[in-house]
Amino acid sequence: VESSDTDEVQASIRIEYEPVLAHRVRAQVTYRDREYNDTAGPNGTASEGEGVRVDVDYRHRIGRYHYVNFDLRAEEITSDNPDRGYTRESASVSYTHPITRNLRVRPAVEVRHTRFDGRLTPTGDRRDDTQVVPEVEVLWWPGPWRIEAEAKYIFGSSNDPLREREGYRLSLSVGYVF
């Protein structure tokens, strides 16, 4: 969706409510102002975009490193370059379960729906994409090390046949806390 070469300035406000350790609700509003490295703006200048993103999430803490999370997001970017404008909503749920003190597993699923302002299908309709992404993540944190492996399967549907996609995405990250 995004341009690979974008400068962005953003400002956010977040509120958090945690009446007890077991329940936490966060809400965040972010304003984003963008400049794209292209020549699609007025008179061949770089195009610009702006928009608001709203995030709401709820976390239920069952125990140490044992959580259920629900996340909702709505965002919009308007731009003088119609290829950069879009509206998107997403929802996800995840469950983090400890296996041992340093090892946990996190299954999750996310649904994301995106409508584009100026990207058209071969039939001339505005492009409309939906992704469903089930995943499982394994987190192993022995001492100062942070080792995380993630496997996703992406089901992508679109009214543009060229944007239909399905496949795996695997990742591994290794970090050290100083």
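Just so it is clear, the structure is predicted and the values come from calculations on it, not from any experiment. (Residues numbered from 1 in each chain as written. Predicted model: local features only at pLDDT ≥ 70, side-chain atom pairs only at ≥ 80, totals over all residues. Heavy atoms only, no water.)

Concerning the overall build of the protein chain
For the protein chain, the helix and strand inventory stands at 0 helices and 9 strands. Reading the protein chain from its N terminus to its C terminus gives the helix and strand order β-β-β-β-β-β-β-β-β. In the protein chain, which comprises 178 residues, the proportion classed as buried is 29%. Residue pairs in contact within the protein chain that sit at least 24 positions apart in sequence constitute 46% of those at least 6 positions apart. With an accessible surface of roughly 11000 Å², the protein chain has 56% of that area assigned to carbon and sulfur atoms. With 25 positive and 31 negative side-chain charges, the protein chain shows a separation of 9 Å between the mean positions of the two kinds. (Helix = DSSP H or I, 4+ residues; strand = E, 2+ residues; numbered from the N terminus. Buried < 20%, exposed > 50% of the residue type's maximum accessible area, 1.4 Å probe, protein only. Contact = heavy atoms within 4.5 Å. Areas by Shrake-Rupley, 256 points an atom, 1.4 Å probe, with all protein chains shown as cover. Lys, Arg positive; Asp, Glu negative; His and termini not counted. Charge placed at Lys NZ, Arg CZ, Asp CG, Glu CD.)

Points about the environment of Ser 92
Within the secondary structure layout, Ser 92 lies in strand β5 (residues 86–98). When the C-alpha atoms of Ser 92 and Glu 75 are compared, they prove to be 15 Å apart, with 17 residues separating the residues in sequence. Other than its neighbours up to four places away in sequence, Ser 92 contacts Asn 69, Phe 70, Asp 71, Val 109 and Glu 110.

With respect to the pattern of salt bridges
Counted according to the given criterion, the structure contains 13 salt bridges. Notably, a salt bridge pairs Glu 18 with Arg 59, separated by 3.7 Å at the nearest N-O pair. Taken together, the residues span a long stretch of sequence, with Glu 18 in strand β1 (residues 6–20) and Arg 59 in strand β3 (residues 48–63) at a distance of 41 residues. With relative accessibility at 34%, the residue Glu 18 sits in the partly exposed group. A salt bridge links Glu 137 to Arg 106, with the shortest nitrogen-to-oxygen separation between them at 3.0 Å. With Glu 137 in strand β7 (residues 126–140) and Arg 106 in strand β6 (residues 103–120), the pair connects residues that are 31 residues apart, well separated along the chain. (Salt bridge = Lys/Arg side-chain N within 4 Å of Asp/Glu carboxyl O.)

Details of the packing of aromatic side chains
Under the defined criterion, the tally for this structure stands at 6 aromatic pairs. Considering the side-chain rings of Tyr 58 and Phe 70, the 6.4 Å spacing of their centres and the 20° angle between planes classify their relative orientation as stacked. Separated by 12 residues along the polypeptide, Tyr 58 in strand β3 and Phe 70 in strand β4 (residues 66–79) bring together distant segments of the chain. With a centroid separation of 4.8 Å and an interplanar angle of 70°, the aromatic rings of Trp 145 and Tyr 176 are classed as edge-to-face. Of this pair, Trp 145 sits in strand β8 (residues 145–158) while Tyr 176 sits in strand β9 (residues 165–176), and the two are 31 residues apart along the sequence. Residue classification places Trp 145 among the partly exposed positions, given a relative accessible area of 40%. Positioned above the aromatic ring of Trp 141, the side-chain terminus of Arg 104 is 4.6 Å from the ring centre. Cation over ring: Arg 127 sits above Phe 116, and NZ or CZ is 4.2 Å from the ring centre. (Phe/Tyr/Trp six-rings, centres within 6.5 Å; stacked < 30°, edge-to-face > 60°. Lys NZ or Arg CZ within 6 Å of the ring centre and 35° of its normal.)

Focus on the sheet that holds strand β2 (residues 23–36)
What the 9 strands build is an open sheet, ordered β1-β2-β3-β4-β5-β6-β7-β8-β9; its pairing is antiparallel. On the outer flanks of this sheet lie β1 and β9, each paired with one strand and no other. Looking at each pair of strands side by side, their axes are set apart by 15° on average, direction ignored. As paired strands, β6 and β7 are joined by 14 bridges and run antiparallel to one another. Counted as the bridge partner of Leu 120 is Arg 126 from β7. (Pairing = 2+ DSSP bridges. Axes fitted to C-alpha atoms, helices over the stretch in contact; angles between N-to-C directions.)

By themselves, these are just geometric observations and shouldn't be taken as functional.
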